[in-house]
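Secondary and tertiary structure notes
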Amino acid sequence: MLPAPYASSTYTHPTMTSATPDPLSLVPTFPDEDPSTYPPIQPGGSLILAWQVRNKRVLLVGGGNVAATRLVHLLNADALITLIAPPAGLHPETAHRLKTHQSRITYVPRHFEPTDLTTIPSISLVLTAIDDPIASTEIYTQCKKLNLPVNVADVPPECDFYFGSVHRDGPLQIMVSTGGNGPKLAAMIRRKVADSLPKQTAEAIVKVGELRKMLRVLAPGKEEGGKRMDWMSRVCEVWEFEELAGMTKVDMEVLLEGYKDGVVRGFKEVRLVGSVREGEEEDDKREGA
Ligand SMILES: C[C@@]1(CC(=O)O)c2cc3[nH]c(cc4nc(cc5[nH]c(cc(n2)[C@H]1CCC(=O)O)[C@@](C)(CC(=O)O)[C@@H]5CCC(=O)O)C(CC(=O)O)=C4CCC(=O)O)c(CCC(=O)O)c3CC(=O)O
Ligand SMILES: NC(=O)C1=CN([C@@H]2O[C@H](COP(=O)(O)OP(=O)(O)OC[C@H]3O[C@@H](n4cnc5c(N)ncnc54)[C@H](O)[C@@H]3O)[C@@H](O)[C@H]2O)C=CC1
């Protein structure tokens, strides 16, 4: 038998009986495919996702230093937060956030009570950051009964998910996880990764977002999906980050003119076409005047 994290076994699906053929005998074979080109499976990792908590209710228990860091992540993700912690234990940063983000945070100034989990409506996520291991375990156990995902800051076995070290720059978020092995190292690696990014990375992402929106208007069809994705990918490959970051509305319009024929003009050509066109427009204006 496999060790604890892998202990769950396969099961027989209720709609299948002994008369059902072996499902694997129905799986097609692909003789021309080379499986060695597929990504290798490395069990034991975490499922890294970008969880959408916008306007969802998150319960945060505790108001110390760790709670302050959790608040930053939650507020950055536009969550609605209920924070339960006695006033005497509040970290200055937590106290500050309670005052500056009153529309996002409901503050309950006392210790956690077991009824909190059922009286607060529609909790989607629970985080504890308290210095009381017994209370932590109680909250964890109750969350499991209620099927609520929970992170107990200092008890990895009582975490449905871990936090990671996050680099944030505009729409860009990079999370480093060491799977519980070395949180401090995660922070150091995050800094190294952030330092190695091209300048203006955030601006480039914002501009690509705008271009993608314009492309969606120009070619909205579902059937265009493949062509759209291929064209967009090529733009990202052909243009340097600095060029993308400096992209103007006119640049985007000129670039999009190539989409129909699957053409991706480079930065220099786009600028040239744009300036020639501007010149022509000026001439037209003068002639018209
Ligand atoms: C499992 C996990 C669960 C979770 O909290 O979600 C967890 C658990 C524990 N952390 C402990 C200690 C420290 N944690 C930090 C810092 C961070 N810890 C974070 C995440 C995680 N910590 C999750 C795994 C993430 C991963 O491995 O990648 C970060 C990345 C994110 C965040 O919390 O926001 C944030 C850095 C953010 C940043 O700066 O960018 C520091 C350093 C510091 O404070 O500066 C120390 C002291 C030095 C050290 O131990 O490395 C201990 C006590 C160990 C003991 O008693 O000795 C436990 C419990 C245990 O390990 O048993
Ligand atoms: N990322 C991580 O996983 C890390 C975890 N830790 C652990 O996280 C925990 C919290 O750390 P800090 O914020 O530094 O501690 P802290 O002592 O600054 O804050 C604890 C907070 O919990 C509150 N609290 C205690 N019992 C409570 C209860 N029953 N109900 C509501 N609030 C309660 C206190 O009033 C205080 O606001 C500690 O156990 C610490 O070891 C510490 C560093 C990193």
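Residues numbered from 1 in each chain as written. Chains lettered and ligands numbered in written order. Predicted model: local features only at pLDDT ≥ 70, side-chain atom pairs only at ≥ 80, totals over all residues.

1. Concerning the sheet that holds strand S5 (residues 150-152)
- Pairing is parallel across the open sheet formed by 5 strands, whose spatial order is S3-S2-S1-S4-S5. Because the sheet does not close on itself, it has two edges, and the strands there are strand S3 (105-108) and S5. Pairs of neighbouring strands in the sheet enclose a mean axial angle of 15°, with direction left out of account.
- As paired elements, strand S1 (residues 57-61) and strand S4 (residues 123-128) share 5 bridges and run parallel to each other. The partner of Arg57 across the bridge, within S4, is Ile123. (Pairing = 2+ DSSP bridges. Helix = DSSP H or I, 4+ residues; strand = E, 2+ residues; numbered from the N terminus. Axes fitted to C-alpha atoms, helices over the stretch in contact; angles between N-to-C directions.)

2. Regarding the pairing of strand S6 (residues 165-169)
- When S6 meets strand S7 (residues 172-176), the two strands line up antiparallel, connected through 5 bridges. The residue bridging Asp169 from the neighbouring strand is Leu172, located in S7.
- Here S6 hands over to S7 after 2 residues, with Gly170 in that stretch at a positive phi of 60°.

3. A closer look at the nonpolar core
- Counting 29 residues, the largest nonpolar core has Val58, Leu60, Val61, Ile81, Leu83 and Val126 as the members making the most contacts within it.
- Elements that contribute at least two residues to this core include exactly S1, helix H1 (65-76), strand S2 (80-84), S4, helix H4 (133-145) and S5.
- The contacts of Val126, once residues within four sequence positions are left out, are Leu59, Ile139, Cys143, Leu148 and Val150.
- Membership of the second largest hydrophobic core comes to 11 residues, among which are Trp239, Met247, Leu255 and Val270. (Core = buried A, V, L, I, M, F, W, Y, C linked by C-beta atoms within 7 Å. Buried ≥ 20, exposed ≤ 12 C-beta atoms within 10 Å, placed from the backbone. Contact = placed C-beta atoms within 7 Å.)

4. With respect to the pairing of S4
- Taking burial as the measure, the 6 residues of S4 include 5 buried ones, the bulk of the element.
- As judged from the 3 bridges shared by S4 and S5, these two strands associate in the parallel manner. Bridge pairing in S5 links Leu127 to Asn151.

5. Section: the domain arrangement of the chain
- Partitioning the chain into structural domains gives domain 1 (57-163), domain 2 (164-197) and domain 3 (201-284).
- On a C-alpha basis, the centres of domain 1 and domain 3 stand 44 Å from each other. (Domains from an automatic or database assignment.)

6. Focus: unusual backbone geometry
- For Asn55, which is not glycine, the phi torsion reads 60° and is therefore positive.
- Checked against the element boundaries, Asn55 lands in the segment before S1.
- Notably, Ser122 is not glycine yet its phi reads approximately 50°, a positive angle.
- Residue class for Ser122 comes out exposed when judged on the 7 C-beta atoms lying within 10 Å of it.

7. Concerning the site of ligand 1
- Lining the immediate environment of ligand 1, one finds 21 residues, of which Phe163, Ser165, Pro183, Lys184 and Ala187 sit closest.
- For the shell around ligand 1, the element with the most residues is helix H5 (residues 183-195), which contributes 5 residues.
- Across the shell around ligand 1, the residue classes break down as 8 nonpolar, 10 polar and 3 charged.
- Each of domain 1 (57-163) and domain 2 (164-197) gives at least three residues to the shell around ligand 1. (Near = placed C-beta within 6 Å. Nonpolar A, V, L, I, M, F, W, Y, C, P; charged D, E, K, R; others polar.)

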